[in-house]
Amino acid sequence: MEIYVLVKQVPDPEAIVKVKSDSELEIENKYFTSFFDEIAIEAGLKLKEKTGGKVTVLTVDNRRVDALRRGISMGADDAVQIADPALEGADQFALARTLSTYLKDKPFDLILTGRQAMDDDAGIVGPAVAECLGIPHIHSIIGLEVDDQKKEAKVLREVENGKESLTCPLPALFTCQKGLNVPRIPLVMNVMKAMKAQIKKVDLASLGLGPSDVSPYIKIEKYVPPPKRPPVKMVKEDFPQNVKTLVKLLREEAKVI
Amino acid sequence: MSNDIWVLAEHHEGKVKKITFELLSAGIDFSKKTGQEVAALLLGSGLEEAVKSLTPFADKIYLMDAPSFTPYTSDAYLASIASLIKEHQPSILLGGATSTGKDLFPRLAMHLQTGYAPDCTGLSMGEDGKLTARRPLFGGKVFAEMAFSEARPRMATVRNNAFLVNENPGKSAKVISVPPHIDPSLLKKKVTGFEKATGAKLDITEADIVVAAGRGIKAPENFKLIEDLADVLNGSVGTTRATVDEGWRDLKDQIGKSGKNISAKLYMAFGISGAIHHVLGIGTCKTVVAVDTDPNALIFNYADYGIAGDLFQIVPALTEEFKKALVADQ
Ligand SMILES: Cc1cc2nc3c(=O)[nH]c(=O)nc-3n(C[C@H](O)[C@H](O)[C@H](O)COP(=O)(O)OP(=O)(O)OC[C@H]3O[C@@H](n4cnc5c(N)ncnc54)[C@H](O)[C@@H]3O)c2cc1C
Ligand SMILES: Cc1cc2nc3c(=O)[nH]c(=O)nc-3n(C[C@H](O)[C@H](O)[C@H](O)COP(=O)(O)OP(=O)(O)OC[C@H]3O[C@@H](n4cnc5c(N)ncnc54)[C@H](O)[C@@H]3O)c2cc1C
């Protein structure tokens, strides 16, 4: 099977992120490969181990290729970086157009992405790439089995009141959710090797795309700090009076019950 | 161009979900500024009860009746909705940030080549009709105000409890039956089964009240205490990654960065230390209560009310106290 995994290097959830101005954030320099993208890589590797074939990791990033190196260290065969100054200011739709243009003449059976990237939390790129390629997609999968002969996937998806099982013909795109697997931790030796691995670099011109093909549909107009909660009110009376007071506060002050 | 505000109605077992009424209420508010009409988009079959409950909330209901809409797949929904949008050219299309909304909207937006703001916690409409969407980034460490390009419709999915349901919507919708656009060759995905979650409770993303416990609960069977409290409050039970990793609770109930974002009116955390990964999931809850034996637990930094105490003492007493208070109300 030919499997492509779309990956992104993002600030670690523990990184400090602050609003610097209306148009700028201050982000602590602590990055990791987006949690759900590692799950997607692991899913690709597991399938490859079963059916043979190849896993390629693919990113659009003008600066960081660490997510690709993470992929290689975990076992991916190939890595591709799409970078271009014209992508500055791109939105998720522009990225989807870029990624799908790269993918459209590749022999893929399966494309895997994260449920959402752990920075913008948008969850747009995956389904939008599938639309551009005209292949089916399923969002937020927690189970995956592939019948390589029948070119069909059996998928488990999380919905509000339970779990849905679906079948889907390949090629298809799935976005991966926690629960699908536990990503392997690469061996130090492989991490070293990945540092030196060759990464293919592609620009927009070689894809036949120009700046107008990556103009955004949505734009961040302004960053704002999160609404501040007032300081906590500690109920300091002894038990059981504290419980009575808390119930009273919730009913009469917060009015939530 | 009709300029209308459309809301994709979501329903489960024939009943329209609360998020749909919240979004229609927001639509009614916006329409007062710009004179647009508000329409609900209803796909499925056997939806008499849904039509009835939506009627006071919209000027129009576009009803597409076909069995292949239930259960949802994007294959069936996308073409039908896209062709209706092309015909009527609404100005705005809203949906819930639900498993359906998150599956359908990004793909539909790409199909229509229009802007989509996902997982919003607020929307505002200027006098000039400009729509601004507010959404959390980095799990809520910052928020972004998003603007849309000229393309229409402007699309957004919105979390629960971002808007109040209008008590007096005052509309009386005209029902417009629309033939669905279903090309059987495009129905590629097939839903082959559904495993209903145990318990009749709402998903934690949909519940107004979420009661949660973390590792401080010490053993899986002790969750009974938390469930009893949730039952009295008609709430749902959430948890942390710690208990999910222990195998005590199901992943679907995990709140936080690698779990779910919740927007409950009341969130109560018992024996939860307040790791950043966890509290990122509760940033848009209205009122937060924390109980932890450690008076310095980080969770208190994110709470409105706190008690430094033993959950095994406090939870059963709270259950009794709420029971008393709620009985007195009746
Ligand atoms: C070169 C470049 C310049 C940018 N400039 C700006 C800017 O000026 N202003 C601004 O607001 N934003 C900018 N962005 C960010 C961009 O708009 C998106 O926010 C972001 O890259 C993808 O969106 P997301 O994180 O919300 O993805 P989601 O839609 O949440 O991602 C879902 C999944 O899609 C895949 N995916 C996402 N992003 C990529 C990627 N880059 N490469 C490969 N796979 C991916 C992953 O599998 C991920 O799990 C830029 C991005 C790039 C790459
Ligand atoms: C990439 C990544 C993603 C993650 N995603 C998530 C996520 O989505 N959600 C999540 O929750 N975590 C997540 N985590 C884990 C997170 O960092 C914490 O480890 C976890 O939230 C801790 O869970 P806890 O509060 O239940 O346990 P602990 O941190 O062990 O806290 C238990 C608390 O119980 C208190 N306690 C003990 N006994 C009692 C008693 N009798 N009465 C009252 N209080 C008592 C203790 O004082 C303590 O504060 C993630 C971590 C990583 C690295």
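Source: prediction; values computed, not measured.

Observations regarding the overall build of chain A
For step 1, the next point in the chain: The secondary structure content of chain A amounts to 6 helices and 15 strands.
For step 2, the next point in the chain: If one aligns the C-alpha atoms of chain A with their principal axes, the spans along those axes are about 70 × 45 × 40 Å.
For step 3, the next point in the chain: Here chain A holds 257 residues, and 56% of them are scored as buried.
For step 4, the next point in the chain: Pairs at least 24 residues apart make up 68% of the contacts formed inside chain A by residues separated by at least 6 positions.
For step 5, the next point in the chain: Working note: accessible area of chain A is about 11,500 Å², and carbon and sulfur atoms make up 52% of it.
For step 6, the next point in the chain: Between the mean site of the 37 positive side-chain charges and the mean site of the 38 negative ones, chain A shows a separation of 4 Å.

Overview of the domain arrangement of chain A
For step 1, the next point in the chain: Segmenting chain A into domains produces domain 1 (2–214) and domain 2 (227–257).
For step 2, the next point in the chain: The straight-line distance from the C-alpha centre of domain 1 of chain A to that of domain 2 of chain A is 45 Å.

Re the site of ligand 2
Residue and element names in this part refer to chain B.
For step 1, the next point in the chain: Thr-240, Gln-254, Ser-258, Ser-273 and Asp-292 are the nearest of the 26 residues found near ligand 2.
For step 2, the next point in the chain: One of the side-chain nitrogen or oxygen atoms of Gln-254 is found 2.7 Å away from an oxygen atom of ligand 2.
For step 3, the next point in the chain: Burial of ligand 2 by the protein amounts to 79% of the accessible area it has alone, namely 1,000 Å².
For step 4, the next point in the chain: Of the residues belonging to the shell around ligand 2, the class tally is 6 nonpolar, 13 polar and 7 charged.

What to know about the domain arrangement of chain B
Residues and elements named next belong to chain B.
For step 1, the next point in the chain: Per the domain assignment, the segments of chain B are domain 1 (5–186) and domain 2 (209–329).
For step 2, the next point in the chain: With centres defined by C-alpha atoms, the gap from domain 1 to domain 2 works out at 32 Å.
For step 3, the next point in the chain: Opposite the 9 residues of domain 1 that make contact, domain 2 presents 8 residues.
For step 4, the next point in the chain: Roughly 680 Å² of surface becomes buried between domain 1 and domain 2 when both sides are summed, with 53% attributable to carbon and sulfur atoms.

Details of the sheet that holds strand β6 (residues 54–60) of chain A
Within a sheet, adjacent strands bond to each other through the backbone by hydrogen bonds, running parallel or antiparallel.
For step 1, the next point in the chain: If you walk across this open sheet you meet the 10 strands as β13(A)-β7(A)-β6(A)-β1(A)-β8(A)-β12(A)-β9(A)-β10(A)-β11(A)-β13(B), and the pairing is mixed. Taken across any chain shown, the strands that pair with only one partner, and hence form the sheet edges, are β13 (200–202) of chain A together with β13 (190–196) of chain B. For this sheet, the mean angle separating the axes of adjacent strands, direction not counted, is 30 degrees.
For step 2, the next point in the chain: Across 6 bridges, the pairing between strand β9 (residues 137–147) of chain A and strand β10 (residues 152–159) of chain A is antiparallel. Residue A:Ile141 lies in a different strand from β10(A), and its bridge partner there is A:Arg157.
For step 3, the next point in the chain: Against the sheet, helix α3 (residues 92–103) of chain A makes contact with β1 (2–6), β6, β7 (78–82), β8 (110–114) and β13 of chain A, and its axis sits at roughly 145 degrees relative to β6(A), the strand it touches most.

So, helix α6 (residues 241–253) of chain A
For step 1, the next point in the chain: For α6(A), with 13 residues, the first-to-last C-alpha span of 17 Å sits near the 18 Å given by 1.5 Å per residue.
For step 2, the next point in the chain: For α6(A), every residue scored as buried is listed here: A:Asn242, A:Val243, A:Thr245, A:Leu246, A:Val247, A:Leu249 and A:Leu250.
For step 3, the next point in the chain: Those residues of α6(A) that are buried are in contact with β16 (266–270), β17 (287–292), β18 (305–308) and α8 (311–329) of chain B.
For step 4, the next point in the chain: Two residues or fewer past α6(A), A:Lys255 is found with a positive phi of approximately 50 degrees.

Notes on the packing of α3(A) against helix α4 (residues 125–133) of chain A
Residue and element names in this part refer to chain A.
For step 1, the next point in the chain: Contact geometry for α3 and α4: axes closest at 8 Å, N-to-C directions at 50 degrees. In terms of orientation, α3 lies oblique with respect to α4. With respect to the hand of their crossing, α3 and α4 are arranged in right-handed fashion. Where α3 approaches α4, its residues Gln-92, Phe-93, Ala-96, Arg-97, Leu-99, Ser-100 and Leu-103 are matched on the opposing element by Val-125, Ala-128, Val-129, Cys-132 and Leu-133.
For step 2, the next point in the chain: Of the residues belonging to the contact of α3 with α4, the class tally is 9 nonpolar, 2 polar and 1 charged.

Things to note about the pairing of strand β5 (residues 60–65) of chain B
All names here are of chain B.
For step 1, the next point in the chain: Judged by how many residues are buried, β5 sits mostly within the fold: 5 of 6 residues are covered.
For step 2, the next point in the chain: Where strand β4 (residues 38–44) meets β5, 6 bridges bridge the pair, whose relative direction is parallel. By the bridge assignment for β5, Ala-40 is matched with Ile-61.
For step 3, the next point in the chain: For the crossover from β4 across helix α2 (residues 48–54) to β5, the handedness is right-handed.
For step 4, the next point in the chain: Inspection of the sheet shows β5 paired to strand β12 (residues 174–177) by 4 bridges, in the parallel sense. Following the sheet pairing, Ile-61 is matched in β12 by Val-175.

Here we look at the interface of chain A and chain B
For step 1, the next point in the chain: Chain A puts 80 residues into the contact, and the matching count from chain B is 95 residues.
For step 2, the next point in the chain: Taken together, both faces of the contact between chain A and chain B bury some 7,600 Å²; the carbon and sulfur share is 58%.
For step 3, the next point in the chain: Taken as a group, A:Glu160, A:Tyr217 and A:Arg229 account for 11% of the area that chain A buries against chain B, more than any other trio of residues on that side.
For step 4, the next point in the chain: The tally of links from chain A across to chain B stands at 8 salt bridges.
For step 5, the next point in the chain: The salt bridge involving A:Glu131 is made with B:Arg107; its shortest N-O contact spans 2.8 Å.
For step 6, the next point in the chain: There are 41 residue pairs in polar contact (both at pLDDT 80 or more) connecting chain A and chain B.
For step 7, the next point in the chain: By residue number, the principal contributor to the side of chain A that touches chain B is α6(A), which donates 9 residues.
For step 8, the next point in the chain: Split by residue class, the side of chain A that touches chain B holds 47 nonpolar, 10 polar and 23 charged.

Reading the values: rules and limits
- Residues numbered from 1 in each chain as written.
- Chains lettered and ligands numbered in written order.
- Predicted model: local features only at pLDDT ≥ 70, side-chain atom pairs only at ≥ 80, totals over all residues.
- Heavy atoms only, no water.
- Helix = DSSP H or I, 4+ residues; strand = E, 2+ residues; numbered from the N terminus.
- Buried < 20%, exposed > 50% of the residue type's maximum accessible area, 1.4 Å probe, protein only.
- Contact = heavy atoms within 4.5 Å.
- Areas by Shrake-Rupley, 256 points an atom, 1.4 Å probe, with all protein chains shown as cover.
- Lys, Arg positive; Asp, Glu negative; His and termini not counted.
- Charge placed at Lys NZ, Arg CZ, Asp CG, Glu CD.
- Domains from an automatic or database assignment.
- Near = heavy atom within 4 Å.
- Polar contact = N/O pair within 3.5 Å; in protein donor to acceptor, adjacent residues only side chain to side chain.
- Nonpolar A, V, L, I, M, F, W, Y, C, P; charged D, E, K, R; others polar.
- Buried area = accessible area lost by both parts, 1.4 Å probe.
- Pairing = 2+ DSSP bridges.
- Axes fitted to C-alpha atoms, helices over the stretch in contact; angles between N-to-C directions.
- Expected span 1.5 Å × (residues − 1).
- Parallel < 35°, antiparallel > 145°, perpendicular 65-115°, else oblique.
- Left-handed = near helix turned anticlockwise from the far one by under 90°.
- Right-handed = clockwise from strand over helix to strand, strands pointing away.
- Salt bridge = Lys/Arg side-chain N within 4 Å of Asp/Glu carboxyl O.

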